[in-house]
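Read off the chains here:
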Amino acid sequence: MLKDNLQEVEARVAGACARAGRSRDEVLLIAVSKTKPVEMIEEIYQQGVRDFGENHPQEIRDKVPQLPDDIRWHMIGHLQTNKVKYIIERACMVHSVDSVRLAETISRAAQSRGRRMPVLVEVNMAKEESKYGIMPEDTERFIREIASLPGIHVNGLMTIAPYTDHAEENRRYFRDMKKLSVDIAGKNIDNVDMCDLSMGMTGDYEVAIEEGATMVRVGTGIFGVRDYSR
């Protein structure tokens, strides 16, 4: 079943790329494996997927020793400063930087391990009170504030669009995210490279790709509905 799910998602990603006149290679599919057992991750791994996303630092910490070393783990959920220690040597990227304090903590932890962590700034494009993220109008200022920190490199932006049964409703947010990314890229800020735009999940990733996403985070579409009672 998981193989069939993945094939369907891959076909939809390819279709969205074709509609947008983009190469399939321009979009990274991240399989969101939060709450999912190692056995299911292994099954998707066997299909060639190497990029997996987790919302909780402890899950990355616990899963890494049980799975192949060539998996690239993406920290996509809200990250508390006291949990940075769990992911700093294990994650390939943090998608959810939303405060100067968090950026400073990642910077210090990365420096102490002799690495530079790629990060994305989380933008609350829809300005939802229930969501984390920097307001769109504050994003450039925030990026300028954290860009000088050693130990991190700002690779781009991330957003979580509103939940909706109609993906088309989120197109405007994805379009505005792309515009914001292009605007910031044009400022040529040191240590900032707007090459990554992480947006789009199971319900709306096709629209996100059409509007410029370079990374899509798909969980339910691949692994099925999550059981949070575990």
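Note: the structure precedes this text.
Residue positions within a chain follow its written sequence, with the count starting from 1. With pLDDT at 70 or above as the cut-off, local features in this predicted model cover only qualifying residues; side-chain atom pairs require 80 or more to be listed or tallied, and sums for whole chains, interfaces and linings still use all residues. The side-chain numbers reported here are obtained from all heavy atoms of the structure, hydrogens and water having been left aside.

Draft legend 1. Looking closely at helix α6 (residues 139-146). The buried label applies to any residue whose accessible area, calculated with a 1.4 Å probe on protein chains only, is under 20% of its type's maximum; exposed applies above 50%, and partly exposed to all values in between. Numbered from the N terminus, helices here are DSSP runs of H or I no shorter than four residues, and strands are runs of E no shorter than two. If you check which residues of α6 are buried, you get Thr139, Phe142, Ile143 and Ile146. Angularly, the buried residues of α6 cover 100° about the axis, an arc narrow enough to put them on a single face. Between two residues, a contact is recorded if the distance between any of their heavy atoms is within 4.5 Å. Buried residues in α6 make contact with β4 (91-97), α5 (100-112), β5 (117-122), β6 (152-158), α7 (171-185) and β7 (192-198). Starting at the helix axis, one direction is taken to each C-beta atom, and the arc is that of these directions.

Draft legend 2. Representation of the pattern of salt bridges in the model. Criterion for a salt bridge: a side-chain nitrogen of Lys or Arg within 4 Å of a carboxyl oxygen of Asp or Glu. Across all of its chains, the model carries 22 salt bridges by this definition. Across the pair Glu206 and Arg19 runs a salt bridge, and its minimum N-O distance is 3.5 Å. Here Glu206, found in helix α8 (residues 205-210), pairs with Arg19, found in helix α1 (residues 2-19); they are 187 residues apart in sequence, far enough to count as distant. The exposure class of Glu206 is partly exposed, given its relative accessible area of 25%. Exposure remark for Arg19: the relative accessible area of 52% places this residue in the exposed category. Notably, a salt bridge pairs Arg50 with Asp70, separated by 3.0 Å at the nearest N-O pair. One end of the pair, Arg50, is in the loop between α2 (38-45) and β2 (51-54); the other, Asp70, is in the loop between α3 (57-63) and β3 (72-75), and 20 residues separate them in sequence.

Draft legend 3. How the structure looks around the state of the cysteines. The disulfide criterion used throughout: a pair of cysteine sulfur atoms within 2.5 Å. With the rule as written, the count across this model stands at 0 disulfides. We note that Cys17 lacks a disulfide partner, and the nearest cysteine sulfur, in Cys195, lies 17 Å from it. Using a relative accessible area of 1% as the deciding quantity, one classes Cys17 as buried. With no disulfide of its own, Cys92 lies closest to Cys195 among cysteine sulfurs, the gap being 12 Å. On the basis of relative accessibility, which here comes to 23%, the residue Cys92 falls in the partly exposed class.

Draft legend 4. A look at the side chain of Asp51. Mapped onto the elements of the fold, Asp51 is located in strand β2. Definition of a polar contact: a pair of N or O atoms within 3.5 Å, with one able to donate and the other able to accept a hydrogen when the atoms are protein atoms, and with sequence-neighbouring residues admitted only if both atoms are side-chain atoms. Here His74 takes part through its side chain, which lies 2.8 Å from a polar atom of the side chain of Asp51. Excluding anything up to four places from it in sequence, Asp51 contacts Leu28, Leu29, Ile30, Ala31, Arg72 and His74.

Draft legend 5. Expanded view of the packing of aromatic side chains. Only Phe, Tyr and Trp rings are paired, with Trp represented by its six-membered ring, and only when their centres lie within 6.5 Å; those with planes under 30 degrees apart are stacked, over 60 edge-to-face, the remainder tilted. Scanning the model with the defined rule gives 1 aromatic pair in all. Directly above the ring of Tyr45 sits Arg50, whose terminal nitrogen or CZ lies 3.6 Å from the centroid. In this arrangement the basic side chain of Arg61 is found over the ring face of Tyr86, its NZ or CZ atom lying 4.6 Å from the centre. A positively charged side chain is recorded as over a ring if its NZ (Lys) or CZ (Arg) lies within 6 Å of the ring centre. The angle to the ring normal must also be within 35 degrees.

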